[in-house]
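Overview (structure and organization)
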Protein chains: 4
Amino acid sequence: MTISVAVAGASGYAGGEILRLLLGHPRVATGEVTIGALTAGGNAGTELRAHHPHLLPLADRVLDETTPEILAGHDVVFLGLPHGTSATIADALPPSTLIIDCGADFRLNDAREWETYYGGDHAGTWPYGLPELPGNREKLESASRIAVPGCYPTVSILSLLPALAANLVEPHVTVVAVSGTSGAGRSLKVDLLASEVIGSARAYAVGGAHRHTPEIAQALSEAAQSPVTVSFTPVLAPMSRGILATCTARINATGDEIRAAYEKHYADEPFVHLLPEGVLPATSSAIGSNAVQLSVTVDERAGTLVAVGAVDNLTKGTGGAAVQSMNLALGFGETEGLTTVGVAP
Amino acid sequence: MTISVAVAGASGYAGGEILRLLLGHPRVATGEVTIGALTAGGNAGTELRAHHPHLLPLADRVLDETTPEILAGHDVVFLGLPHGTSATIADALPPSTLIIDCGADFRLNDAREWETYYGGDHAGTWPYGLPELPGNREKLESASRIAVPGCYPTVSILSLLPALAANLVEPHVTVVAVSGTSGAGRSLKVDLLASEVIGSARAYAVGGAHRHTPEIAQALSEAAQSPVTVSFTPVLAPMSRGILATCTARINATGDEIRAAYEKHYADEPFVHLLPEGVLPATSSAIGSNAVQLSVTVDERAGTLVAVGAVDNLTKGTGGAAVQSMNLALGFGETEGLTTVGVAP
Amino acid sequence: MTISVAVAGASGYAGGEILRLLLGHPRVATGEVTIGALTAGGNAGTELRAHHPHLLPLADRVLDETTPEILAGHDVVFLGLPHGTSATIADALPPSTLIIDCGADFRLNDAREWETYYGGDHAGTWPYGLPELPGNREKLESASRIAVPGCYPTVSILSLLPALAANLVEPHVTVVAVSGTSGAGRSLKVDLLASEVIGSARAYAVGGAHRHTPEIAQALSEAAQSPVTVSFTPVLAPMSRGILATCTARINATGDEIRAAYEKHYADEPFVHLLPEGVLPATSSAIGSNAVQLSVTVDERAGTLVAVGAVDNLTKGTGGAAVQSMNLALGFGETEGLTTVGVAP
Amino acid sequence: MTISVAVAGASGYAGGEILRLLLGHPRVATGEVTIGALTAGGNAGTELRAHHPHLLPLADRVLDETTPEILAGHDVVFLGLPHGTSATIADALPPSTLIIDCGADFRLNDAREWETYYGGDHAGTWPYGLPELPGNREKLESASRIAVPGCYPTVSILSLLPALAANLVEPHVTVVAVSGTSGAGRSLKVDLLASEVIGSARAYAVGGAHRHTPEIAQALSEAAQSPVTVSFTPVLAPMSRGILATCTARINATGDEIRAAYEKHYADEPFVHLLPEGVLPATSSAIGSNAVQLSVTVDERAGTLVAVGAVDNLTKGTGGAAVQSMNLALGFGETEGLTTVGVAP
């Protein structure tokens, strides 16, 4: 018996990354999992080659239109769609279909936060595809609807989680996250043109305006069991993949206590790699991998924790988290088809 | 009567930038200022072309050795030398020679801070080549010894100065500064190889370890007239020039008060450009220019000021500040040979 | 009496570069030349800041619409418009207005070539803004209509001109030119997104399909006084500015003869810099400068000349050539406001 | 029974890439193949983490010194050593050990060519690890010594092979190959610093001086069964991985004949992917993959074939070819542990 997988939004970066990982997944190699419909919006009718020339084994596949009819009949449906469009698709598919949404529609608990940041009605809340959150892995194992975290939240949350969960820092955190451009998707915006990006770093959505801000605050507040305020600044850097998040908070514990908390928290996590003291992460080490590389430093003079996390925004930050979630929900090994080995230099 | 200028360390990036600016300086065009000795350490005896092929008018100039004898007889001597070596040169030159040091030797007031961060004996303190500090322009006009600020301090200090000077934020600031690689100089280190840097962002000297940390704290504490703690994290990004500093502090004033303070503080500064509300800076806009482009945003939810400054680390961050200082000390117009126009895209 | 200059297409890269150079032009500094109307198509009504945040002195200028009425009354009009649109504007302006067109409309002599490569009717032929062509400088000095060369043709022609003019190589040349993305303009195309460009080199318009091919062939054939075939391959590289053209042809002369021809040909050219033997150009050396840096190497074993030219596509390749042409046509010094000094690293 | 593999030169880029591929090899996953000694020269005694932080599963492995004693006892030894040093190691190991050399020592047939380009004595000639050459796959299946091709030769040869083997082009070819910096290895040279490379393209070793020139000529001459002259120009571009080779030759056949020859030649090759007409390769599509993506275009006007090949210099260009060769020599499936799927964008 085979499991068929569809990818909606296959011409986008999230869809492409899911397909890249599926092409290397051992269950696809054995035929247990088959890659079914690949769908798109405006790109329906074109070959995948036109959008993802790096996916040679699927280059000749023609994209179908993203409709419930095309997606129906698949056991797993990945959604890489614009915000606000997943609910309609999801409602039209049977409850037994495993739907894994890479968009934001089902990430937030608070409807008012959703409306503030995204506008329109809140579609609901699905299990959050970050198994590293306390108690979350079990929820994903029995889920048939999963909301994949945003890329910035993934690395920001994992970088600060142990400190806040153990109340070792004050609940006011500052995150400055340097990102490659693929996190913005394949949008035709002047700001994302190579000529504008190359040779330049720029901040955007400063002052809490970025939509990932409430998502970070939500997870950290749950972990801390009390409200955490987040000053979040995203910075665009001239690279295509990768996020480096520098996360700072004032400490109310010693460096040893903090480090011990991180070591304990992540001891058994396959995809969170705590670096030895004095070693700092680079995004290049994470490219194509599902790992978060994380350093923890206490600045005694400034009285701050500086946790720096590196991640591939398209892998652990999107497509890898989606596959990791699929593995859990289908009862596969959590790490199947995923690696901690990056492509560097 | 002509003024002759020598550049020691002419094969390095700071030396090259000073020469680039001098070649475009109107007093060099008229012959009032002449470019005299260009000196180097290990590169003495080679042509400038081998190090700065972009400086065509000086390509055939052969580098002399950096000695007091070679530098003597010049009216102005720029130093772009390794830390700890400027004092010997300076002591051997007459007090009337205008010496402008791009190194760190004479930037710090506190000898213990110097020893902590640099090791060895503290050489002393010279007027600090940041005319935008309150009362500092006048000191530079009568100086014959000037210490050019570090590149990170320039943009960090200018981004936070008005808020701290007016006591509008708490005296605990977080600076995460994304820099191009030229700030590290032309050092042969594996970490600075293109293969390692391209496609990657990485933090370094985390936790207050970077030598520019006490320099930032010194200027901000003076401005605030009380101690300011600085959590400073430098991040290397895949670009050669430019620094984007994201500076965060908890506010104790309204957004309007803060913005008004910045507008007043920088109203007459030729090289600090406060961007309209909602406009954010990119380093590309500052490349080759002596301007700092600065945005000021208040995050009401997080209760923070987020000031983001963009600068060319080699121009306003080093060579431009050196020429600006020279202009002041020689009684030239402060902006001569400097521009607020960047080279973009 | 002042000379007023208008720039049509001011929100594009060509327009931005012309403005950058005008802001540093000595005649603008003295007030002899004033920057008048800045116009645009779809961007009319917006501030220049939105498009060129690096041009601080003009940041608040609002763009007018590109119409003959707005442009009328200026002594000089620079056009940075889409292909096929310059003629209408030019026809509506007085013959005495100096019009300098950065588009392709008036570059080709042969109407059939124009129709093959651009489609539509051929608008005519204007003096070609490459003063380095034999006998061309004089034509520009008396011109009131000038067609600025394409960026690839500028460097390709100058790299091969002396060899073909003296019949030292066979009239079949191969040019492989690596370009930054700004040469493609500010077009919203997926292929030009940073995520697609960074980390990648790709050829495009292979096999003679690029519109600059006939322009290169035209100038080289004129120089050789017989037809020259050109195999031209443009390659897009992850940089925003710069072209490096590797130009190869089979030799029928010695290396010494060829080198001597280049030295003689370019002895008095202010913007063509022949590098010493064994020194090879890098585009970084030319960024922001109006110079072409050129190496000439003979491969005795393969029997080929390999001439490699580096240029800034936006400066000498577009806006610098436009200003150089203006200088000639207005009787200014040819090099005013232009430099051979690049911004590096 | 397990097969143990050692990697000499494990701290270099070739060694790192071999390890990256081995970590994803199915025979390593099953334990049939084990990763034994990792050795280095000056880096002996350090952890692998210091050199390849992306290889997390091996991060704690300490590098041994590269000596025959350490390497002895392994079934397979990969060598990623400086030129001229492989022979000594190889001579000290048993003939039954499968030695796969990523260096140049055993690639050339002609001792005089070796001496001209590398100096010193020619060590000999080993089977050439490019199975796509006619008749070569069989030789590799029975080999215990294999010389992995250079990165430029791999893509240059495969781009021109079918045309020359069938005598469809003249035997004078021009190759201009744009490469990322990792091809130069982890050498501490000023020219390879990020500040120098970013934003710049530059040619080097122009005029036949590059050591890969005779290697390209050797394979193409064998294929053509008569001497082929090669004008080879390498160009460094600001990217870390990838080569795009633009290969031009004058045609003596029709475009259809040439295309048919390529289609036939590569019909069964798993790692050479001939793109549909009009589709051109980008290096990003090949990153991390073992595929060569290849376009073939005939320029009727210029009378030339323009074959453009894209490859990852570290994968198919080095480490992937090494693993592909290992697979053949050990009787594994040729494609095991290798993929045609790239990591993009």
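If you're wondering where the values come from, they're calculated on a predicted model, not measured in any experiment.

Take the UniProt feature "active site" (unreviewed entry) in chain A next. Residue and element names in this part refer to chain A. Per the UniProt entry, the sites bearing "active site" (unreviewed entry) are Cys 151 in this numbering. Cys 151 gets classed as buried once you look at its relative accessible area, which sits at 8%. Discounting residues that sit within four places of it in the chain, Cys 151 has contacts with His 212, Ile 243, Asn 313 and Gly 317.

Our focus in this paragraph is the interface of chain A and chain B. Listed per partner, the contact involves 43 residues of chain A and 43 residues of chain B. Between chain A and chain B, the buried area comes to about 3,300 Å², and carbon and sulfur atoms account for 62% of it. Sorting the residues of chain A by area buried against chain B places A:Ala201, A:Val206 and A:Arg301 first, and these three jointly supply 15% of that buried surface. Counting across the chain A and chain B interface gives two salt bridges. Its salt-bridge partner being A:Glu113, residue B:Arg301 comes within 2.6 Å of it at the nearest N-O pair. The interface formed by chain A and chain B contains 13 residue pairs in polar contact (both at pLDDT 80 or more). Sorting the residues of the side of chain A that touches chain B by element identifies α5 (111-118), β7 (169-179), α8 (194-197), β8 (202-203), β9 (229-236), β10 (243-251), β12 (292-299) and β13 (304-311) of chain A as the ones contributing at least two each. If one sorts the elements of the side of chain A that touches chain B by residue count, β9(A) sits on top with five residues. Residues belonging to the side of chain A that touches chain B are distributed by class as follows: 20 nonpolar, 16 polar and seven charged.

A contiguous nonpolar patch, built from A:Leu188, A:Val190, C:Leu188 and C:Val190 and spanning about 280 Å² of accessible area, is present on the exposed surface. Within the element layout of this structure, A:Val190 appears in the loop between β7 and α8. A:Val190 gets classed as partly exposed once you look at its relative accessible area, which sits at 31%.

To continue, consider the relation of the copies chain A and chain D. A rotation about some axis, followed by a shift along it, carries one copy of the chain onto the other. For the match of chain A to chain D, the screw axis carries a shift of 0.0 Å, the RMSD comes to 0.0 Å, and the turn is 180°. Each copy turns onto its partner about a two-fold axis. Nearest to the rotation axis, the C-alpha of A:Gly199 is located 3.6 Å from it, this being the minimum over chain A.

All names here are of chain D. Of all the residues in helix α5 (residues 111-118), the buried ones are Glu 113, Trp 114, Tyr 117 and Tyr 118. For α5, the buried positions fall inside an angular range of 100° around the axis, keeping them on one side. With respect to the buried face of α5, the exposed residues turned more than 90 degrees away are Arg 112 and Thr 116. Its buried side turned inward, α5 meets α9 (213-224).

What follows deals with helix α1 (residues 13-23) of chain D. Counted residue by residue, α1(D) has 10 buried out of 11 residues, so it is predominantly covered. The complete set of buried residues in α1(D) reads D:Tyr13, D:Ala14, D:Gly15, D:Gly16, D:Glu17, D:Ile18, D:Leu19, D:Arg20, D:Leu21 and D:Leu22.

Attention now goes to unusual backbone geometry. Residues and elements named next belong to chain B. Cis geometry is found at the peptide bond from Ala 344 to Pro 345, where omega equals 0°. As for its position among the elements, Pro 345 is in the segment after α11 (315-330). One non-glycine residue, Ala 205, lies in positive phi territory at about 50°. Owing to a relative accessible area of 22%, Ala 205 belongs among the partly exposed residues under this scheme.

On to the relation of the copies chain A and chain B. When chain A is brought onto chain B, the operation consists of a screw motion whose angular component is 180° and whose axial shift is 0.0 Å, with 0.0 Å RMSD remaining. Taken together, the interface assignments show that 100% of the residues at the interface of chain A recur at the interface of chain B, consistent with an identical surface on both copies.

This part covers the domain arrangement of chain A. Note: interface size is frequently given as the accessible area lost on complex formation between the parts. Residue and element names in this part refer to chain A. Domain annotation for chain A reports domain 1 (3-148 + 318-330) and domain 2 (152-311). Placing a centre on the C-alpha atoms of domain 1 and another on those of domain 2 gives a separation of 24 Å. Contact residues are listed per partner, giving 24 residues for domain 1 and 26 residues for domain 2. Among the residues of domain 1 in contact with domain 2, Tyr 13, Tyr 117 and Glu 132 are the three that bury the most area, contributing 31% of the side total. Inspection of the domain 1/domain 2 interface yields three salt bridges. We note a salt bridge from Glu 17 to Arg 241, for which the minimum N-O separation is 2.6 Å.

With 29 residues of chain A at the contact, the number on the chain D side is 29 residues. The largest contributions to the chain A side of the interface with chain D come from A:His54, A:Leu56 and A:Pro345, which together make up 28% of the buried area. On the surface where chain A and chain D come into contact, there are zero salt bridges. Across the contact surface, chain A and chain D share 13 residue pairs in polar contact (both at pLDDT 80 or more). Per element, the largest residue contribution to the side of chain A that touches chain D is four residues, and it comes from helix α1 (residues 13-23) of chain A. Broken down by class, the residue content of the side of chain A that touches chain D amounts to 16 nonpolar, nine polar and four charged.

So, on to the pairing of strand β2 (residues 33-40) of chain C. Residues and elements named next belong to chain C. Among the eight residues that make up β2, seven are buried, leaving the element largely enclosed by the rest of the structure. Direction of pairing for strand β1 (residues 3-8) relative to β2: parallel, over a ladder of five bridges. What sits directly across from Ile 3, in β2, is Val 33. As judged from the two bridges shared by β2 and strand β3 (residues 64-65), these two strands associate in the parallel manner. Within β3, the residue paired with Ala 40 across the bridge is Glu 65.

What counts, and where the lines are drawn
Residues numbered from 1 in each chain as written. Chains lettered and ligands numbered in written order. Predicted model: local features only at pLDDT ≥ 70, side-chain atom pairs only at ≥ 80, totals over all residues. Heavy atoms only, no water. UniProt positions renumbered as here; feature names shortened; annotations may be inferred. Buried < 20%, exposed > 50% of the residue type's maximum accessible area, 1.4 Å probe, protein only. Contact = heavy atoms within 4.5 Å. Buried area = accessible area lost by both parts, 1.4 Å probe. Salt bridge = Lys/Arg side-chain N within 4 Å of Asp/Glu carboxyl O. Polar contact = N/O pair within 3.5 Å; in protein donor to acceptor, adjacent residues only side chain to side chain. Helix = DSSP H or I, 4+ residues; strand = E, 2+ residues; numbered from the N terminus. Nonpolar A, V, L, I, M, F, W, Y, C, P; charged D, E, K, R; others polar. Patch = residues over 30% accessible without salt bridge, like charges linked within 9 Å, V, L, I, M, F, W, Y side chains within 5 Å. Areas by Shrake-Rupley, 256 points an atom, 1.4 Å probe, with all protein chains shown as cover. Least-squares fit on C-alpha atoms with pLDDT ≥ 70 in both. Arc of directions from axis to C-beta. Domains from an automatic or database assignment. Pairing = 2+ DSSP bridges.

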